[in-house]
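Listed below are the residues making up each chain.
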Amino acid sequence: MANKKRGYHTIKLGGKNRTLHFSMNFWAELTDLLEISLEDVGSVFSKGLSIKAIRSIIYCGLLANDKEEGNEIDYTEYKVGSWLDDLDSSEIEGIVSSMLESRILGNDLNMGINRKVTRSTKKGK
């Protein structure tokens, strides 16, 4: 379930409710784990999400929140991967949606571009 506070998402994983936080700490963890620069984030996700990327997103979101809150880290990247077997596709879509609503360096991930075009802005010829 998404929290009204931007960048937070809570789901049941590993037998308990856990919160992911898509904060600057999340982006630092994710770019380190995937060994990419912040500039490469868009190109990595534009190719579609691999299973490894999904696992990394969820792991880094959990890790960011738990480290920020001083919570015990009672999981590894591989433990998170095993928990993903219990999630359905709509839950994963909700997590990715929350991540896309987060901000990088004060900017929306989508660079402020409305991705849902409802009408053309081009003038007819």
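The text that follows walks through the structure, step by step, so that each part is easy to find. Quick caveat: nothing in here was measured; it's all calculated off a predicted structure.

Cut-offs and rules
- Residues numbered from 1 in each chain as written.
- Predicted model: local features only at pLDDT ≥ 70, side-chain atom pairs only at ≥ 80, totals over all residues.
- Heavy atoms only, no water.
- Helix = DSSP H or I, 4+ residues; strand = E, 2+ residues; numbered from the N terminus.
- Buried < 20%, exposed > 50% of the residue type's maximum accessible area, 1.4 Å probe, protein only.
- Contact = heavy atoms within 4.5 Å.
- Areas by Shrake-Rupley, 256 points an atom, 1.4 Å probe, with all protein chains shown as cover.
- Polar contact = N/O pair within 3.5 Å; in protein donor to acceptor, adjacent residues only side chain to side chain.
- Phe/Tyr/Trp six-rings, centres within 6.5 Å; stacked < 30°, edge-to-face > 60°.
- Lys NZ or Arg CZ within 6 Å of the ring centre and 35° of its normal.
- Arc of directions from axis to C-beta.
- Expected span 1.5 Å × (residues − 1).
- Core = buried A, V, L, I, M, F, W, Y, C linked by side-chain atoms within 4.5 Å.

**Overview of the overall build of the protein**
Line of reasoning, step 1. When helices and strands are counted, the protein shows 5 helices and 4 strands.
Line of reasoning, step 2. Along the protein, from the amino end to the carboxyl end, the secondary structure elements read β-β-α-α-α-α-α-β-β.
Line of reasoning, step 3. Classification of the 125 residues of the protein by burial places 36% in the buried group.
Line of reasoning, step 4. Put simply, 59% of the contacts in the protein that link residues at least 6 apart link residues at least 24 apart.
Line of reasoning, step 5. Surface exposure of the protein reaches about 8,400 Å², of which carbon and sulfur atoms provide 50%.

**Some thoughts on the environment of Glu77**
Line of reasoning, step 1. Its place among the elements puts Glu77 in helix H4 (residues 77-83).
Line of reasoning, step 2. Residue Glu77 is classed as buried on the basis of its relative accessible area of 14%.
Line of reasoning, step 3. Through-space distance from the C-alpha of Glu77 to that of Tyr59 is 5.8 Å; in sequence the pair is 18 residues apart.
Line of reasoning, step 4. In this structure the side chain of Glu77 is engaged in a polar contact, spanning 3.0 Å, whose partner is the side chain of Arg55.

**Regarding the packing of aromatic side chains**
Line of reasoning, step 1. Evaluated as defined, the whole model comprises 4 aromatic pairs.
Line of reasoning, step 2. Considering the side-chain rings of Phe26 and Trp27, the 4.8 Å spacing of their centres and the 75 degrees angle between planes classify their relative orientation as edge-to-face.
Line of reasoning, step 3. Residue classification places Trp27 among the buried residues on the basis of a relative accessible area of 1%.
Line of reasoning, step 4. Of the aromatic side chains, those joined through ring pairs into one cluster are Phe22, Phe26 and Trp27.
Line of reasoning, step 5. For Arg55, the ring lying beneath its charged end belongs to Tyr78, and the centroid distance is 4.7 Å.

**Things to note about helix H1 (residues 24-34)**
Line of reasoning, step 1. Those residues of H1 that sit buried are Phe26, Trp27, Leu30, Thr31 and Leu34. Looking down the long axis of H1, one finds its buried residues gathered within 120 degrees of arc, a one-sided arrangement.

**Concerning the environment of Leu87**
Line of reasoning, step 1. Structurally, Leu87 can be placed in the loop between H4 and helix H5 (89-100).
Line of reasoning, step 2. Given a relative accessible area of 10%, Leu87 falls into the buried group.
Line of reasoning, step 3. Along the primary structure Leu87 and Leu13 are separated by 74 residues, whereas in three dimensions their C-alpha atoms are 8.3 Å apart.
Line of reasoning, step 4. Setting aside residues up to four positions removed in sequence, Leu87 forms contacts with Ile11, Lys12, Leu13, Ile58, Ile92 and Ile95.

**Quick notes on helix H3 (residues 51-69)**
Structurally, the α-helix is built with 3.6 residues per turn, so residues lying three or four positions apart point the same way.
Line of reasoning, step 1. Helix length check: H3, at 19 residues, gives a terminal C-alpha distance of 27 Å against a target of 27 Å (1.5 Å per residue), a fit within 8%.
Line of reasoning, step 2. Just downstream of H3 lies Gly70, where phi reads positive at about 75 degrees.

**Let's talk about the nonpolar core**
Inside soluble globular proteins, nonpolar side chains tend to come together where they are buried.
Line of reasoning, step 1. Residues Phe26, Leu30, Ile57, Ile58, Leu62 and Ile95 are the most contacted members of the largest nonpolar core, which totals 26 residues.
Line of reasoning, step 2. Contributing elements (two or more residues each) for this core: strand E1 (8-13), H1, helix H2 (41-46), H3, H4 and H5.
Line of reasoning, step 3. A total of 8 residues in this core trace back to one element, the largest contributor, which is H3.
Line of reasoning, step 4. Apart from the residues lying within four places of it in its own chain, the contact partners of Ile57 are Leu20, Phe22, Phe26, Leu30, Phe45, Leu49, Ile95 and Met99.

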